[in-house]
Amino acid sequence: MSDSPRIQSLSMLFLVMAVQILALAVTPAMSASQERVFEDPTSAANPIYYMLLILAFTALLLLAIKKNLSWLVSGFIQIAIASSIYYLAVAFLPPIYALLAAAGGLLLVRYYPEWYVIDGLGIAVSAGISSLFGLSMTVIPALILLVILAAYDAISVYKTRHMVSLAEGVLKMKAPLLFVVPKSRGYSFRRDQSILSSSDQTSPADEKPGSRASSGKRGAYFLGLGDAIIPTILVISANTTLPPGSFGVNIPALGAMLGTYLGFLLLMSTSRDRPQAGLPFLNSGVILGFLAGCALAGVSPF
């Protein structure tokens, strides 16, 4: 792995692309399973329920981190990861084999949390969650959700800074909620002691690339799974809600994907001396790309 920041930026972009492509690939099977988060996919209340879930999850993690209850945070995250793997696997496998897949994923994270294990599971988990929520919301609720989350991400990073504290806590526990991109070929996430060092006072979001990137004292860059999941929800929603265009290609969904990548590249091009909120860039890109795709396809999203 090259130590060039440009290579790491492209690696993170490829991780986001992998999530979106895999999410599109698994959506037909997920759709056939009839698993949904919300009973009415058209309801404008769905983004509110999602935000309440996010706030409750964040509050629980922050409280546990503050009280030094790392075992509680770790257990909660592992249950969430196992559930996500199960719901993805059960769309393709009998329940017993899906349970074995979830158990196998947990064992890997627990006993061999190397960066490529974390990234591989992160791609699978992000794709499954994106597909599930994208199927559970039509385009309008998905758009509302992305606008709300972009504002929330900006406030939580630039104003209250509680998302930065959460990222630091998750990183110290080596929880599988972040993509890990090494700065050098020989890097080992399992043996990286710099992320546990109390003398490292630099925030894990203080250096590019990535909205949740590591400080320069660490051996890798980090990107939150949410920065891949949230834009992909609109991609899946557009692909399943709007009619396919010529040659079976859903132009609004394709536009949303391209918009995500442009938003990510814009995020990578910013240079600031403070943590970066990724969703304002990514969600703006995916929304504008989606609207451009709708205009090109002659489809009304509203």
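Quick notes on the rules
Residues numbered from 1 in each chain as written. Predicted model: local features only at pLDDT ≥ 70, side-chain atom pairs only at ≥ 80, totals over all residues. Heavy atoms only, no water. Helix = DSSP H or I, 4+ residues; strand = E, 2+ residues; numbered from the N terminus. Buried < 20%, exposed > 50% of the residue type's maximum accessible area, 1.4 Å probe, protein only. Contact = heavy atoms within 4.5 Å. Areas by Shrake-Rupley, 256 points an atom, 1.4 Å probe, with all protein chains shown as cover. 1 Å grid on protein atoms, 1.4 Å probe; cavity = no way out; pocket = protein on both sides within 12 Å on 5 of 7 lines; lining within 4 Å. Points joined across faces, edges and corners; volume = space filled by probe spheres on them. Nonpolar A, V, L, I, M, F, W, Y, C, P; charged D, E, K, R; others polar. Polar contact = N/O pair within 3.5 Å; in protein donor to acceptor, adjacent residues only side chain to side chain. pLDDT = per-residue confidence, 0-100.

**A closer look at the overall build of the protein chain**
Line of reasoning, step 1. A tally of regular secondary structure across the protein chain gives 10 helices and 2 strands.
Line of reasoning, step 2. Looking at the 302 residues of the protein chain, the share that counts as buried comes to 51%.
Line of reasoning, step 3. In the protein chain, the proportion of contacts linking residues at least 24 apart, taken out of those at least 6 apart, comes to 74%.
Line of reasoning, step 4. Summed over all atoms, the accessible surface of the protein chain reaches about 13500 Å², with 66% contributed by carbon and sulfur.

**Points about the side chain of S131**
Line of reasoning, step 1. Residue placement: S131 occurs in helix α5 (residues 115–135).
Line of reasoning, step 2. Of the residues examined, S131 reaches a relative accessible area of 0% and is grouped as buried.
Line of reasoning, step 3. Residue contacts for S131: discarding those within four places in its chain leaves A23, V26, T27, M30 and I236.

**A word on the layout of surface pockets**
Line of reasoning, step 1. There is about 1100 Å³ of room inside the largest pocket.
Line of reasoning, step 2. Along its surface, the largest pocket is lined by 38 residues, and Y50, I54, F57, L177 and I229 are the ones closest to its centre.
Line of reasoning, step 3. When residues of the lining of the largest pocket are traced back to their parent elements, those giving at least two are α2 (46–66), α3 (70–89), α5, α6 (139–159), α7 (162–172) and α8 (226–241).
Line of reasoning, step 4. Residues of the lining of the largest pocket, tallied by class, amount to 29 nonpolar, 6 polar and 3 charged.
Line of reasoning, step 5. By volume, the second largest pocket amounts to about 250 Å³.
Line of reasoning, step 6. Lining the second largest pocket we find S70, W71, S74, Q78, V109, R110, P113, M173, K174, A175, P176 and R190.
Line of reasoning, step 7. Counting only elements with at least two residues in the lining of the second largest pocket, the list comes to α3 and α4 (95–111).
Line of reasoning, step 8. Each residue belonging to the lining of the second largest pocket can be placed in one class, and the counts come to 6 nonpolar, 3 polar and 3 charged.

**A look at the environment of T240**
Line of reasoning, step 1. By the secondary structure assignment, T240 is in helix α8.
Line of reasoning, step 2. For the pair formed by T240 and T138, sequence separation is 102 residues and the distance between their alpha carbons is 8.2 Å.
Line of reasoning, step 3. Setting aside residues up to four positions removed in sequence, T240 forms contacts with T27, G134 and L135.
Line of reasoning, step 4. Among the polar contacts listed, one links the side chain of T240 to the backbone oxygen of I236, at a separation of 2.9 Å.

**Things to note about the confidence of the model for the protein chain**
Line of reasoning, step 1. Here the protein chain averages 82 in pLDDT, and 88% of its residues register 70 or above.
Line of reasoning, step 2. For residues 198–216, every residue scores under 50 in pLDDT, and the model assigns this stretch 78 contacts once sequence neighbours within four places are set aside.

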